[in-house]
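Here is what each chain is made of, one letter per residue.
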Amino acid sequence: MIRQYELVERVRAYDPNTDEDLLNRAYVFSMKAHGSQKRASGDPYFSHPLEVAGILTSMKLDHGTIATGLLHDTIEDTVATYEQIDQQFGTEIAKLVDGVTKLSKLELQSDRTRQAENFRKLLLAMSDDIRVLLVKLADRLHNMRTLQFVKNPDKRRRIALETMEIYSPLAERIGMQDLKEELEDLSFAELNGDARDSIIKHLEFLRSEGGGLVDRITDQLESTIADAGVEAGVFGREKRPYSIWRKMEQKEISFEQLSDIMAFRVIVADVATCYQALGFVHAAYAMVPERFKDYISTPKRNNYRSLHTTVIGPEKHRIEVQIRTKEMDEVAELGVAAHWRYKQGVEDPDGTQYRWLRELLEILEHASDPEEFLEHTKLEMFQDQVFCFTPKGDLIALPQGATPVDFAYAVHTNVGDTCTGAKINGRMVPLRTQIRNGDQVDIMRSKAQTPSPTWESFVVTGKARSAIRRFIRNRQRSQYDELGRAMLKKAFSDEGHTFSEKKVHPALKALNYKTFEDLCVAVGEGHLTSRQILEVLLPDASLRTEEDKVVPLAKARGDKAKRKGSAVPIKGLIPGMAVHFAGCCHSLPGDRIVGIVTTGKGVTIHTIDCDTLENFVNTPERWIDVSWDMDRESDQMHAGRIDIVLTNSPGALSSLSTVIAKAQGNISNLKITNRTPEFFEMIVDIEVRDVKHLTNIITALRADPAISSVDRARG
Ligand code: MN
């Protein structure tokens, strides 16, 4: 066991100003708290937090982190409380210990490896302070080093698997190469001990054959580089068994073929010297083609920087050589933790050396204040996401702000479509509740349920949004289809024809619609009128007069016997003059009207209260007094326009058309002007005989519960 003064000495070696009192107090507190607890190995439990603190000193971390290492299991495993630690060691350390405790409670609940990436993100997202993660990794490293003492083989295996899938990649992610390799190799020993043993045996054999080969090659490399006048430190080592194993797997080669089991590292003063040293190595030894990599000009994502080359080196051994500066080496070994040295005042003149760290931590706002780096930054890499569990323990990653509806659609579209309610951590919650990290979400479902348009206002995932929209669109489409069919049927019977899908078919191509349904929907939506369709199908038939259609007055007046009696029953017009009905006010027989003379167009009829008339206030000579000739018999139809607000419920549109048809009106045009999840606002043109007819229809519509309001359109 590390003694109290030894631990303090280790910290003081890299931080002369460390808070020794804090370290001593944490040491004593933890020792007392764990008391007579024992580890699986039979050692006093306290040896564990002490070793964890020791590992953290090798990462050269600050006294707050070392104290956290000492205290990390006290809240979870002893009678000590958060409040006690807060009181005795301050809020910062209490929060760190609490953070480690929370991480320790998470376990990978699913064996499936696709969950691993999300689980790693969850750990990162929950590590508000990067030091929480560093302590957790040190904790895991010591547990792995003592894994053989755990008696239950299933538990050993689970821990090893979790380390391999979660913690080792996390260590790599934050740039801690050494830690990553050791975690990997310890897991490998548990998961595939036989393979590892055979690799170690073979390494031993090669070592005895070679007789100090690594040292000899190191010496020769060193003198080769020194002779060229470059100052460098050269270090050689055998690669770890797991690295060798993985290479064998990846390259599908046997151990005998794998020559580069030794790695050599050349450490030089600066970047320029890296390339110089590379030149001398290549000059002295034959380079193996396609093995050279320049991670200095293009660093890895975790900011690993180094030159890699493989050469046929001393004694004709194929060796890998890594060339880098001391800073690069430190970052390669310690990653995020290397920052602590930077805090001690190591120069970073252009501020770029640790930029990756800043990016990693998303703390750009603190970029000019390196003191803040470890203490006050949040690990926000994945803080735009939340991670939650299904009842089976699968992990689902969602964007921040996601709700149970997003969750349901993320699981499966069917789950989303039939979602009726949700439980979070066992408690019923509204569907708009925002999910938080680590929540377990359980979706209630019913086959009778369909997506609600109101969901669209709170979901945040594209998948949920598009599924809801698709559903609503499909439902609206079937309503429009129904309405369009009803309108067409009516138009056909008005012309004395029976309606059938087959009869309409020739119009599809002419009007450019793919299917009969598309065409009906277009009619229902008002993009196409039934008249347009009839004109295509019955080009020779004389169809009823449309609104705004120019009617030569003389003809209209003169021939009352004409079929359908298309005369314009208006008194006061000048003979021979053409007449239009203005589209703005849709005057109907019975309305008080006025005529406006328009050059080249004849007379346009407006209702007396039409707003458009204001445009002609200064040209009284254009006004003509006209009135409806109500005594004349006419079965001429006129277009009346109404504004309707309809509830957005199934069948509302077809009920609208039914009411109008029953009152012997004919919808000639229909346009949705506004649509909310609850209501449609629309303009409907109805062919009616006169004002009275339209008023009857409006009254009938008002009686329909699906119709919220209906009024005659004015101007
Ligand atoms: Mn622990």
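Above this text you will find the structure in question.
Residues numbered from 1 in each chain as written. Predicted model: local features only at pLDDT ≥ 70, side-chain atom pairs only at ≥ 80, totals over all residues. Heavy atoms only, no water.

Asker: Please give an account of the overall build of the chain that cites residues and values.
Answerer: A tally of helices and strands in the chain yields 28 helices and 21 strands. Across the 715 residues of the chain, 50% fall into the buried class. Put simply, 65% of the contacts in the chain that link residues at least 6 apart link residues at least 24 apart. (Helix = DSSP H or I, 4+ residues; strand = E, 2+ residues; numbered from the N terminus. Buried < 20%, exposed > 50% of the residue type's maximum accessible area, 1.4 Å probe, protein only. Contact = heavy atoms within 4.5 Å.)

Asker: Summarise the packing of helix α22 (residues 462-494) against helix α27 (residues 652-662); cite the residues concerned and give the values.
Answerer: The N-to-C vectors of α22 and α27 enclose an angle of 15°; their axes lie 8 Å apart at closest approach. Taken together, the axes of α22 and α27 are roughly parallel relative to one another. You can see that α22 and α27 cross each other, and the crossing is right-handed. Contacts between α22 and α27 pair Gln479, Tyr480, Glu482, Leu483 and Ala486 from the former with Leu653, Ser654 and Ser657 from the latter. (Axes fitted to C-alpha atoms, helices over the stretch in contact; angles between N-to-C directions. Parallel < 35°, antiparallel > 145°, perpendicular 65-115°, else oblique. Left-handed = near helix turned anticlockwise from the far one by under 90°.)

Asker: Lay out the environment of Ser478 in plain terms, naming residues and giving numbers.
Answerer: Structurally, the position occupied by Ser478 is in helix α22. For the pair Ser478 and Gly524, spaced 46 residues apart in sequence, the C-alpha to C-alpha distance is 9.7 Å.

Asker: Could you give an account of the coordination of the manganese ion, naming the residues involved and the relevant values?
Answerer: Bound to the manganese ion are the protein donor atoms His48 (NE2), His72 (NE2), Asp73 (OD) and Asp139 (OD), situated 2.1 to 2.4 Å from the metal. Of note, the manganese ion draws all its donor residues from one chain, in the sequence arrangement H-x23-H-D-x65-D. Of the two residues, Asp73 sits in the loop between α4 (63-71) and α5 (74-77) while Asp139 sits in helix α9 (residues 130-145), which places them 66 residues apart along the sequence. We note that Asp73, like Asp139, is buried. (Donors = N, O, S within 2.8 Å, 3.2 Å for Na, K, Ca; no water.)

Asker: Please provide a residue-by-residue account of the pairing of strand β15 (residues 602-607), values included.
Answerer: Counting buried positions along β15 yields six of six residues, so the element is predominantly enclosed. Across three bridges, the pairing between strand β13 (residues 579-581) and β15 is parallel. In the strand pairing of β15, Phe581 is matched with Ile605. As defined by bridge partners, strand β14 (residues 593-598) adjoins β15 across six bridges and the pair is classed as antiparallel. Each bridged residue has a counterpart across the sheet, and for Val597 the counterpart in β15 is Val603. (Pairing = 2+ DSSP bridges.)

Asker: Explain the packing of aromatic side chains residue by residue, including any values.
Answerer: According to the stated counting rule, one finds eight aromatic pairs in the structure shown. Consider the rings of Phe29 and Phe89, whose centres lie 5.5 Å apart with planes at 90°: the pair is edge-to-face. A residue pair is termed long-range when its members are at least 10 positions apart, and Phe29 in helix α2 (residues 20-34) and Phe89 in helix α6 (residues 82-89) qualify at 60 residues. When the centroid spacing of 6.4 Å and the interplanar angle of 35° are considered together, the rings of Phe499 and Phe516 count as tilted. With Phe499 in the loop between α22 and α23 (501-511) and Phe516 in helix α24 (residues 516-525), this residue pair connects regions lying 17 residues apart in the sequence. Lying across the ring of Tyr45, Arg39 places its NZ or CZ 5.8 Å from the centre. (Phe/Tyr/Trp six-rings, centres within 6.5 Å; stacked < 30°, edge-to-face > 60°. Lys NZ or Arg CZ within 6 Å of the ring centre and 35° of its normal.)

Asker: I'd like to hear about unusual backbone geometry, residue by residue, with values.
Answerer: Positive phi outside glycine occurs at Lys60, with the angle close to 60°. The class for Lys60 is partly exposed, based on a relative accessible area of 26%. Non-glycine residue Gln664 carries a positive phi angle of around 65°.

Asker: A description of the nonpolar core should follow, citing residues and the corresponding values.
Answerer: With 54 residues, the main nonpolar core has Met59 and Ile85 as its most contacted residues. In terms of residue count, α9 provides more of this core than any other element does, nine residues in total. Each residue touching Ile85, except ones within four places of it in the same chain, is listed here: Phe29, Leu71, Thr74, Ile75, Gly90, Ile93, Ala94 and Val97. In terms of nonpolar packing, the next biggest core, distinct from the first, is built from 45 residues, Phe516, Ala522, Ala652 and Val688 among them. (Core = buried A, V, L, I, M, F, W, Y, C linked by side-chain atoms within 4.5 Å.)

Asker: Talk me through helix α25 (residues 530-537); I want residue IDs and the actual numbers.
Answerer: Every buried residue of α25 is listed here: Ser530, Arg531, Ile533, Leu534 and Leu537. Along the long axis of α25, the arc covered by the buried residues comes to 160°, so they all point the same way. On its buried side, α25 packs onto α22, α23, α24, β19 (666-675) and β20 (679-688). (Arc of directions from axis to C-beta.)

Asker: Account for the side chain of Asp406, naming residues and giving values.
Answerer: Mapped onto the elements, Asp406 comes out in helix α20 (residues 404-411). No salt bridge is formed by the buried Asp406; the nearest opposite charge belongs to Arg465, separated by 6.8 Å. Of note is the side chain of Asp406, whose polar atom sits 2.9 Å from the backbone nitrogen of Thr403. Polar contacts involving the side chain of Asp406 include one to the side chain of Thr461, which spans 2.6 Å. Not counting the four nearest positions on each side in its chain, Asp406 is found in contact with Leu398, Phe458, Val459, Val460, Thr461 and Ala464. (Lys, Arg positive; Asp, Glu negative; His and termini not counted. Salt bridge = Lys/Arg side-chain N within 4 Å of Asp/Glu carboxyl O. Polar contact = N/O pair within 3.5 Å; in protein donor to acceptor, adjacent residues only side chain to side chain.)

Asker: So what's going on with the sheet that holds strand β21 (residues 707-712)? Residues and values would help.
Answerer: The antiparallel open sheet is built from four strands, whose spatial order is β19-β20-β18-β21. Of all the strands in the sheet, the pair left with one neighbour each is β19 and β21. Sheet twist, expressed as the mean angle between neighbouring strand axes with direction ignored, is 20°. Packed on one face of the sheet, α22 meets β19 and β20 and runs near 160° to β19.

Asker: Mind laying out the environment of Leu334, listing which residues take part and the relevant values?
Answerer: With respect to the helices, strands and loops of the structure, Leu334 is situated in helix α16 (residues 326-334). Overall, Leu334 belongs to the buried group, its relative accessible area being 15%. Sequence separation between Leu334 and Lys60 is 274 residues, and the spatial gap between their C-alpha atoms is 9.1 Å. If we ignore the near neighbours within four places in the chain, the residues touching Leu334 are Ser58, Met59, Gly175 and Met176.

Asker: Which residues make up the sheet that holds β15, and what values go with them?
Answerer: In space, the four strands of this open sheet follow the order β13-β15-β14-β16, with mixed pairing throughout. In this open sheet, the two strands that pair with only one neighbour each are β13 and β16 (623-625). Strand after strand, the sheet turns through a mean of 35° between neighbouring axes, direction not considered.

Asker: Can you tell me about α22, naming the residues and giving the values?
Answerer: For α22, built from 33 residues, the straight-helix expectation of 48 Å at 1.5 Å per residue is met to within 8% by its first-to-last C-alpha distance of 47 Å. Once α22 finishes, Gly496 follows within two positions and takes phi at roughly 80°, a positive value. (Expected span 1.5 Å × (residues − 1).)

Asker: Outline the pattern of salt bridges, supporting the account with residue identities and numerical values.
Answerer: Evaluated as defined, the whole model comprises 25 salt bridges. A salt bridge links Arg140 to Glu162; the shortest N-O distance between them is 2.7 Å. With Arg140 in helix α9 and Glu162 in helix α10 (residues 153-173), this pair connects stretches of sequence that are 22 residues apart. Neither Arg140 nor Glu162 differs from the other in exposure class; each is buried. Where Glu190 meets Arg156, a salt bridge forms, and the shortest distance between an N and an O atom there is 3.2 Å.

Asker: I'd like a description of the side chain of Ser168, backed by residues and values.
Answerer: Here Ser168 is to be found in helix α10. By relative accessible area, Ser168 is classed as buried at 2%. Filtering out sequence-adjacent residues up to four positions away, Ser168 remains in contact with Thr163, Lys180, Leu183 and Glu184.

Asker: Got a sec to walk through the pairing of β20? Specific residues and values, please.
Answerer: Among the ten residues of β20, seven are classified as buried, and the element is accordingly described as predominantly covered. Bridging between strand β18 (residues 638-647) and β20 involves ten bridges; their strand directions are antiparallel. Bridge pairing in β20 places Asp643 opposite Ile683. In terms of strand pairing, β19 meets β20 through eight bridges, oriented antiparallel. For Ile672, the partnering residue across the bridge sits in β20 and is Met682. Adjacent in sequence and paired antiparallel, β19 and β20 are bridged by three residues.

Scope: geometric values only; no functional claims are made or implied.
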